[in-house]
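The residues making up each chain are set out below.
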Amino acid sequence: MGRVTTTDRRTALRAGAGLVAGGALAAGCATTGSAAPPAAPASGPAPAAKATPLTAPAPRAFPHQPAQITHGPRDRPNIALTFHGQGDPEIATALLAEAEKHGAHVTVLAVGTWLDTHPEMARRILDGGHDLGNHTQRHIAVNTLSEADALAEITGCADRLKRLTGSIGTWFRPSRAPAASPLVQRLAHRAGYPHVLSYDVDSLDFTAPGAPAVTRKVLAEVRGGSVVSMHFGYADTVAALPAVLEELHRRGLRAVTTTELLS
């Protein structure tokens, strides 16, 4: 198995982790977020840099998939790494860069309040070739809410995604639960999401067990078609990613977006 990370990268990421240590565990979804984006060029036509981005992909129905998806086809050598999107944007950007360095594409389920604070991350995710979806507006226990409040959580994040990217995002995942209740599943469909995205492998990275433990947990359970739950905002997750991707490659498995996994 390949090394987890370099000493310099580990040192930098630990520093980043310190920025989020106070609130990182709140980002987890137990039942119960590299370099910053490049600065604008010193010269050149500013209007071109400010051009309106193309509309992002919209949700689509997969006729042979259930309303609540936990994994993709088992007979193909693809898996989906999915990330609950909130936390320090520098750690999130480092994670995306690490995935891209290994030729991997991921799925990010973004929290609406995170997009309010870091709107640039929506385009960063899409411009890297990754899927972008909805993880509710405030990342609260959506399954426990009234119908009106649960719908507001789903549509609140959808509205922000549409404003930023022209689309409500390709996927919806409930917050603070591994799967949506029947009510939340119906509300997500009403909001425009044909499927709810769950998972069959939980990395437990939000418990901050350390990068080696994250790596072991994922690699012990992942197989063709798996959908893996991970999180932005944790330096351990970034540190674990190279070893995870290298071992997946050794096994002949590719990390692709959830859209590609199911296509």
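A closer look at the nonpolar core
Consideration 1: The biggest cluster of nonpolar side chains holds 54 residues, and the ones touching the most others in it are L81, W114, L132, Y193, F232 and L248.
Consideration 2: Among the elements that take part in this core, helix 9 (residues 235-250) stands out by supplying seven residues, more than any other.
Consideration 3: Those residues in contact with L248 that lie beyond four places of it in its chain are I79, L219, V222 and L253.
Consideration 4: Counting residues in each nonpolar core, the second largest holds 11 residues, with A80, W171, V227 and V256 among its members.

With respect to the packing of aromatic side chains
Consideration 1: Applying the stated criterion to the full structure yields four aromatic pairs.
Consideration 2: Measuring from ring centre to ring centre gives 5.9 Å for F172 and Y193, while their planes differ by 40°; the resulting arrangement is tilted. Of this pair, F172 sits in the loop between helix 6 (147-165) and helix 7 (182-191) while Y193 is found in the loop between helix 7 and strand 5 (196-197), placing the two residues 21 residues apart along the sequence. Here the two residues F172 and Y193 agree in accessibility, since each one is buried.

Focus: helix 9
Consideration 1: Here helix 9 spans 24 Å end to end across 16 residues, near enough to the 22 Å set by a 1.5 Å rise per residue.
Consideration 2: The largest bend along helix 9 measures about 35° and falls at L241, with the proline P242 one to four residues further on.
Consideration 3: With 12 of 16 residues buried, helix 9 lies mostly within the body of the structure.
Consideration 4: The complete set of buried residues in helix 9 reads A235, T237, V238, A239, A240, L241, P242, A243, V244, L245, E247 and L248.

Structural notes on unusual backbone geometry
Consideration 1: Residue T136 is not a glycine yet carries a positive backbone phi of 75°.
Consideration 2: Tracing the chain through its elements places T136 in the loop between strand 4 (131-134) and helix 6.
Consideration 3: Not every positive phi belongs to a glycine, and A208 is a case in point at roughly 55°.
Consideration 4: With respect to the helices and strands, A208 occurs in the loop between strand 6 (201-202) and helix 8 (211-221).

Details of the environment of P174
Consideration 1: Following the sequence through the fold, P174 ends up in the loop between helix 6 and helix 7.
Consideration 2: Look at P174 and you get buried, because its relative accessible area is 0%.
Consideration 3: Separated by 31 residues in the primary sequence, P174 and N143 place their C-alpha atoms 7.6 Å from one another.
Consideration 4: Contact partners of P174, with chain neighbours within four places excluded, come to H135, V142, A179, A180, V196 and L197.

A word on the pairing of strand 4
Consideration 1: Of the two faces of strand 4, the one carrying D131 and G133 and the one carrying L132 and N134 are both buried.
Consideration 2: With four bridges connecting them, strand 3 (residues 107-110) and strand 4 associate as parallel partners. In the sheet register, V108 faces strand 4, and the bridge partner there is L132.

Describing the pattern of salt bridges
Consideration 1: Under the defined criterion, the tally for this structure stands at 12 salt bridges.
Consideration 2: Between E100 and R124 there is a salt bridge, with the nearest N and O atoms lying 3.0 Å from each other. Residue E100 is found in helix 3 (residues 89-101), and its partner R124 is found in helix 5 (residues 120-127); the two are separated by 24 residues along the sequence.
Consideration 3: The class of R124 is buried, set by a relative accessible area of 19%.
Consideration 4: Between E247 and R250 there is a salt bridge; the shortest N-O distance is 2.7 Å. Highlighted residues: E247 and R250, both in helix 9, separated by three residues, approximately one helical turn.
Consideration 5: With relative accessibility at 7%, the residue E247 sits in the buried group.
Consideration 6: Accessibility expressed as a relative area gives 61% for R250, which makes it exposed.

Parameters and conventions
- Residues numbered from 1 in each chain as written.
- Predicted model: local features only at pLDDT ≥ 70, side-chain atom pairs only at ≥ 80, totals over all residues.
- Heavy atoms only, no water.
- Core = buried A, V, L, I, M, F, W, Y, C linked by side-chain atoms within 4.5 Å.
- Buried < 20%, exposed > 50% of the residue type's maximum accessible area, 1.4 Å probe, protein only.
- Helix = DSSP H or I, 4+ residues; strand = E, 2+ residues; numbered from the N terminus.
- Contact = heavy atoms within 4.5 Å.
- Phe/Tyr/Trp six-rings, centres within 6.5 Å; stacked < 30°, edge-to-face > 60°.
- Expected span 1.5 Å × (residues − 1).
- Bend = angle between axes of the 7 residues up to and from the residue.
- Pairing = 2+ DSSP bridges.
- Salt bridge = Lys/Arg side-chain N within 4 Å of Asp/Glu carboxyl O.

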